[in-house]
Each structure stands twice: as C-alpha cells, then as structure tokens.
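# Analysis of the macromolecular model
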Amino acid sequence: MQISRRKLLLGLGAAGVLAGGASALVPMIRREGTFIVTKSRALPVDGTVEELPKESDVVIIGGGIQGVLTAINLAERGMSVTLFEKGDIAGEQSGRAYSQIISYKTPPEVFPMHHYGKMLWRGMNEKIGDDTSYRTQGRVEVPSSEEDLANAIAWVKSAQHYDDFGTPLETRLIEGKELAQRLSGAKTPWKIAGFEEDSGSVDPETGVPVLAKYAMKIGVKIFTHCAVRGIETSGGKVSDVVTERGSVKTSSVVLATGIWSRLFMGNLGVNIPTLDVYLSQQRVSGVPGAPHGNVHLPTGIHFREQADGTYAVAPRIFTSSIVKDSFLLGPKFVHLLSGDELPLYFSLGKDLFNSFKMPTQWKLDEISPFETHRIVTATQSNAHLDAVFELMKAEFPVFQNSKVVERWGAIVSPAPDELPIISEVKEYPGLVINTATIWGMTEGPAASEITADIVMGKKPVIDPTPFSLSRFNS
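Treat the numbers as computed from the prediction; the structure is a model and nothing was measured.

Read from one edge of the open sheet, six strands run S10-S3-S2-S14-S24-S23, paired in mixed fashion. Each edge of the open sheet is held by one strand with a lone partner, namely strand S10 (221-223) and strand S23 (421-424). Strand-to-strand twist across the sheet, computed as the mean angle between neighbouring axes with direction ignored, equals 15 degrees. As paired strands, strand S14 (residues 252-255) and strand S24 (residues 431-435) are joined by three bridges and run parallel to one another. Looking at S24, one finds that Val253 is bridged to Leu431. Contacts from helix H14 (residues 440-455) reach strand S2 (58-61), S14, S23 and S24, with the element oriented near 175 degrees to S24.

Counting residues in each nonpolar core, the largest one holds 45 residues, and the members touching the most others are Ile89, Met113, Trp121 and Leu211. At the level of secondary structure, the elements contributing two or more residues to this core comprise S2, helix H3 (65-75), strand S3 (81-84), helix H4 (111-122), helix H5 (124-128), helix H8 (204-217) and H14. Residues Leu52, Val228, Trp260 and Trp362 belong to the second largest nonpolar core, which totals 38 residues.

Another aspect to go through is the sheet that holds strand S4 (residues 100-101). Spatial strand order, S4-S9-S5: three strands in an open sheet with antiparallel pairing. The strands lining the two open edges of the sheet, one partner per strand, are S4 and strand S5 (135-136). Across two bridges, S5 lies against strand S9 (residues 200-201) in antiparallel orientation. Looking across to S9, one finds that Thr136 is bridged to Gly200.

As a packed pair, H3 and H14 sit with axes 8 Å apart at the nearest point and diverge in direction by 45 degrees. It follows from the interaxial angle that H3 and H14 lie oblique. Two packed elements cross with a definite hand, and for H3 against H14 that hand is right-handed. Judged by residue contacts, Ile65, Gln66, Leu69, Thr70, Asn73 and Leu74 of H3 engage Gly440, Met441, Glu443, Gly444, Pro445, Ala447, Ser448, Glu449, Thr451, Ala452 and Val455 from H14.

Most of strand S15 (residues 277-284) is tucked away, with eight of its eight residues classed as buried. Here S15 shows no split at all, with Val277, Leu279, Gln281 and Arg283 on one side and Tyr278, Ser280, Gln282 and Val284 on the other all buried. Taken together, the eight bridges between S15 and strand S22 (residues 404-412) define a ladder with antiparallel strand orientation. Note that in S22 the partner of Gln282 across the bridge is Arg407. Where S15 meets strand S18 (residues 311-313), three bridges bridge the pair, whose relative direction is antiparallel. By the bridge assignment for S18, Arg283 is matched with Ala312.

Where H3 meets H8, the axes come as close as 9 Å, and the angle between the chain directions of the two elements is 25 degrees. Compared by their axis directions, H3 and H8 come out roughly parallel. For the pair H3 and H8, the crossing hand works out as left-handed. Contacts from Ile65, Val68, Leu69 and Ile72 of H3 reach H8 at Val208, Leu211, Ala212, Tyr214 and Ala215. Counted by class, the contact of H3 with H8 contains nine nonpolar, no polar and no charged residues.

Further remarks concern the environment of Arg374. By the secondary structure assignment, Arg374 is in the loop between helix H12 (369-372) and strand S21 (376-378). C-alpha separation for the pair Arg374 and Thr224, spaced 150 residues apart in sequence, amounts to 9.9 Å. When residues no more than four places from it in sequence are discounted, the contact partners of Arg374 are Glu85, Lys86, Gly87, Glu92, His225, Cys226, Ala227 and Glu244. In terms of polar contacts, Arg374 uses its side chain to reach the backbone carbonyl oxygen of Glu371, at 3.4 Å.

This paragraph deals with the packing of aromatic side chains. Using the criterion set out here, one finds 14 aromatic pairs in the structure. Between Phe35 and Trp260, the ring centres sit 6.1 Å apart and the planes meet at 65 degrees, which makes this aromatic pair edge-to-face. Highlighted residues: Phe35 in strand S1 (residues 35-37) and Trp260 in the loop between S14 and helix H9 (261-266), separated in sequence by 225 residues. Trp260 sits in the buried class, given a relative accessible area of 4%. With 5.7 Å between their ring centres and 70 degrees between their planes, Phe303 and Tyr311 make a pair best called edge-to-face. Residue Phe303 is classed as buried on the basis of its relative accessible area of 0%. For Tyr311, a relative accessible area of 2% gives the class buried. When the ring centre of Trp408 is taken as reference, the NZ or CZ atom of Arg41 above it lies at 3.6 Å. It is Lys393 that lies over the ring of Phe389; its NZ or CZ is 4.4 Å from the centre.

A full pass over the atoms with the stated rule returns 25 salt bridges. A salt bridge links Glu76 to Lys127; the shortest N-O distance between them is 3.2 Å. Taken together, the residues Glu76 in the loop between H3 and S3 and Lys127 in helix H5 connect sequence positions 51 residues apart. On the accessibility criterion, Glu76 (37% relative accessible area) is partly exposed. A salt bridge links Glu141 to Lys105, with the shortest nitrogen-to-oxygen separation between them at 3.0 Å. Here Glu141, found in strand S6 (residues 139-141), pairs with Lys105, found in the loop between S4 and H4; they are 36 residues apart in sequence, far enough to count as distant. Both residues of the pair, Glu141 and Lys105, count as buried. Each of Arg41, Glu205, Arg283, Asp308 and Glu406 takes part in salt bridges that share partners, so that together they form one network.

So, how was this worked out
Residues numbered from 1 in each chain as written. Predicted model: local features only at pLDDT ≥ 70, side-chain atom pairs only at ≥ 80, totals over all residues. Heavy atoms only, no water. Pairing = 2+ DSSP bridges. Helix = DSSP H or I, 4+ residues; strand = E, 2+ residues; numbered from the N terminus. Axes fitted to C-alpha atoms, helices over the stretch in contact; angles between N-to-C directions. Contact = heavy atoms within 4.5 Å. Core = buried A, V, L, I, M, F, W, Y, C linked by side-chain atoms within 4.5 Å. Buried < 20%, exposed > 50% of the residue type's maximum accessible area, 1.4 Å probe, protein only. Parallel < 35°, antiparallel > 145°, perpendicular 65-115°, else oblique. Left-handed = near helix turned anticlockwise from the far one by under 90°. Nonpolar A, V, L, I, M, F, W, Y, C, P; charged D, E, K, R; others polar. Polar contact = N/O pair within 3.5 Å; in protein donor to acceptor, adjacent residues only side chain to side chain. Phe/Tyr/Trp six-rings, centres within 6.5 Å; stacked < 30°, edge-to-face > 60°. Lys NZ or Arg CZ within 6 Å of the ring centre and 35° of its normal. Salt bridge = Lys/Arg side-chain N within 4 Å of Asp/Glu carboxyl O.

Written out as structure tokens, the structure is:
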C-alpha cells in the first residue's frame with residue numbers, strides 16, 4: 001500500500017490551518033522564514049574538559065539524536081568513541097523537533113525503523129537510569145477523507161502481521177465512546193480514527209541532552225563548541241579528523257550533522273542532495289480537563305502532551321527559502337516544490353543573498369562555516385502558529401485559558417525521496433553518513449544501531465539498502 005511521502009512530511013490538514021486564520025493576504029513568496037544564528041533551547045551539557053585524544057576508534061561528528069545514539073551504540077560495543085559538536089548538544093533540530101514517536105502509516109521503507117525505534121524508546125529510561133522525558137502515550141489520527149480512511153484500514157491490515165523484534169503492532173481503528181474519551185471536550189462529533197496505542201513522546205529539549213550525559217558516563221568523550229573542519233586520508237582510507245582544536249587519528253568516522261551534511265561533504269567532493277525546509281513550533285500551557293496524549297485532526301490541529309504537562313502544537317506547514325541550492329537541486333525536488341497536494345510556501349529574501357556568501361570550499365587550516373554558525377535555526381511563522389492555536393481552542397474550548405509558553409523555528413533537510421541517508425561513502429572508506437532524516441526522534445534509536453553495525457562490519461539489524469547514498473547515482 002502506497003502512501004505519499006509528501007503527505008507524511010507536511011502532514012494532512014495544513015489547508016485547515018490556513019483556512020483557520022493564517023494571513024492569506026501575504027503573497028506566498030513573502031512568507032516568513034529566515035536562516036539565523038541563535039541559541040540552544042536544549043538542556044545544557046557540559047562537555048569533556050581535557051585535551052583532545054590523540055586517537056579514537058571512532059569519531060562522531062554531530063551532537064544531535066543520531067550522533068549521540070550512535071556514540072552510545074558503539075561505546076556499548078567496546079569501542080573508544082569521541083564526539084565533536086560545533087555548538088551545543090541538541091542545539092539545532094534535535095532540540096527543536098515535534099518529537100512524536102510513531103509508526104502509523106509510514107512507508108514500507110522506514111516502517112521497520114519506526115517500529116523498532118518505538119520499542120527501543122520504551123526501554124530507554126530504564127536502560128540509562130535517567131528520565132529522557134519519553135512517555136508512551138496513545139496517538140489519535142482522524143482521517144481526512146473516505147480515501148484516507150480506506151488507506152488507513154489497508155495500512156493497518158498490511159502491517160498488523162509484522163512481528164520482527166518480537167513486538168506486535170498496537171494500532172487499530174477506534175470509534176464511539178472510546179474515540180470520544182480520547183478526544184474529550186471536542187466540539188466536532190468525530191466518527192472514527194486510527195489509534196496508535198504504543199506511540200510515544202519525547203520532549204526535544206530534554207531527550208538528547210540526557211542521553212549525552214549517559215554517553216559520557218559509559219566513556220564517550222564529548223567535545224562541544226569544537227567544530228570538525230574535515231577529514232584526512234592515508235592509503236585511500238580515513239586516517240584523521242581535523243577539528244578547530246587539532247587532529248584525532250581514527251579509522252572510522254560517522255557524519256551525523258543534519259542540515260550541515262551537504263556542506264561538509266561538498267568540501268570533500270561528494271554530493272549529498274538535501275534541501276533545507278523551515279517549520280514552526282510552539283509550546284502552550286496545559287489546562288485541567290484537556291485531552292491527553294497525541295492528537296492529529298484533519299482540520300490542521302496537531303498537538304502532543306509533554307512530560308511537564310505543556311503541549312507542543314505545530315501547524316505542519318513548511319517553508320522553502322529560496323537559496324543557491326534551490327537552483328542546483330530544483331529538478332530533483334520539483335515533485336515536492338510544485339505544491340500539488342498541500343501548501344509549501346516560499347520565502348525570497350536575504351537567505352538567497354547569504355547563500356552565495358556561504359563558503360563551499362575551505363582548507364583544513366582555515367576557519368570553516370561551522371565555526372561561524374555554531375547554532376542555527378529558522379525564524380518561525382507567528383501567523384501559522386497563531387492560526388493553529390486558535391483552531392485548537394475552537395475545537396477544544398478547554399484550551400481557551402491556555403497561554404503560549406514558547407515559540408521557535410526549526411529546519412529539516414530531506415533528500416528528494418524523503419528517506420534518510422545511512423550509508424558508507426565509497427570515496428572515503430571508513431566514513432559512514434547518518435543524516436537526512438525527517439523523523440529523527442522516532443528513527444534515531446534504530447538508525448544509530450544500523451550505523452553502528454555498518455561501522456563494525458556487522459550485518460545491520462535492519463536492511464539499509466533503501467538508505468544507501470548510491471541510490472542517487474541512478
């Protein structure tokens with residue numbers, strides 16, 4: 001059963017947000033969204049305070065969910081691991097994500113990672129002896145049409161026999177009293193919904209920092225505010241990682257740098273076809289009597305209850321800021337940028353000018369862009385955030401007394417097929433990439449295990465063929 005990946009990326013109901021109050025008078029080309037240097041919103045992590053090691057079995061580049069969990073996987077297998085982060089742990093997307101842990105209606109290529117990831121998250125707090133903020137909470141998704149309902153029924157039927165990892169699928173259709181209880185206080189008499197009983201939630205500002213502290217406990221050396229400028233080779237294989245503070249000898253490197261992967265690899269002469277898109281997020285205060293868990297309605301309402309009782313509320317509308325890469329990669333992304341299914345807004349402004357100023361080549365003894373851009377994000381669209389919050393309060397009047405706690409922008413960098421890249425790099429034996437995910441929190445535990453398997457030459461726990469870098473060569 002085929003599900004449009006673009007619908008997965010944007011989420012059903014974006015049009016509902018727009019109809020609900022986002023300014024339709026602003027031309028699409030002037031939508032908010034600008035690339036900016038900012039501060040981390042994640043819990044602080046004090047990095048390793050010592051000189052850089054002379055050598056390490058593995059060097060991880062990037063301190064987000066993929067980098068930290070990959071470091072943990074490798075350290076638990078007896079490897080000496082050093083992680084470098086140019087800014088703060090989870091300072092960028094891993095501290096800004098919506099962070100629902102789900103597998104519902106995911107395409108067959110990524111479903112095993114989501115299903116396995118959910119299982120690993122459920123045991124995470126006990127495993128590390130600390131609270132990552134992970135909570136198992138049911139997720140309700142009301143279909144947007146009869147066609148969407150038919151797709152949901154077909155998806156559940158096709159996935160319910162999946163029994164890898166010894167964990168059954170806990171997803172079903174609900175209606176009547178059970179649905180009314182899950183959507184308590186809703187004004188609309190919703191008839192039927194998909195219910196993912198074993199879905200979960202991680203608060204992005206908490207999850208990765210807590211995992212990073214565990215990584216350090218088991219021996220991972222984490223150096224923050226220490227950018228990696230590039231890698232060196234010897235005999236045709238990776239031999240050293242060069243940072244702004246010096247070099248570390250290693251034969252294995254994992255690149256988990258999210259939106260920066262294309263730039264980093266471009267300096268090595270390897271093309272990573274990813275394009276940045278911006279999104280907006282917010283937290284609002286909890287109120288007595290509010291529905292619990294994770295809710296996705298076709299009117300554009302999407303919210304997730306956090307561990308502290310606040311609610312993450314997202315409009316699920318993306319902005320593509322027109323930059324140099326928009327022209328370089330346009331043909332590969334035309335099926336996403338055409339706006340054929342859901343609104344994908346565009347921003348034309350200083351990002352275009354700044355993208356031509358961003359260095360794409362540098363020597364390893366020169367200051368790299370990673371040192372001038374320690375932590376970045378996108379500005380949020382307050383119009384979209386206002387609109388989805390008003391829709392939420394109209395559908396669930398109990399939220400009338402809720403207040404905005406915090407708002408922020410975020411950036412993801414999908415590949416043209418919206419699948420992650422988890423792959424060896426044939427041009428640089430010893431280098432493995434783990435990037436381009438749009439479901440980072442859900443996929444992180446499984447993706448990092450796959451990455452660790454590849455590094456160690458072991459058969460991966462999940463077949464990584466769909467995520468190979470070589471798929472872009474055809």
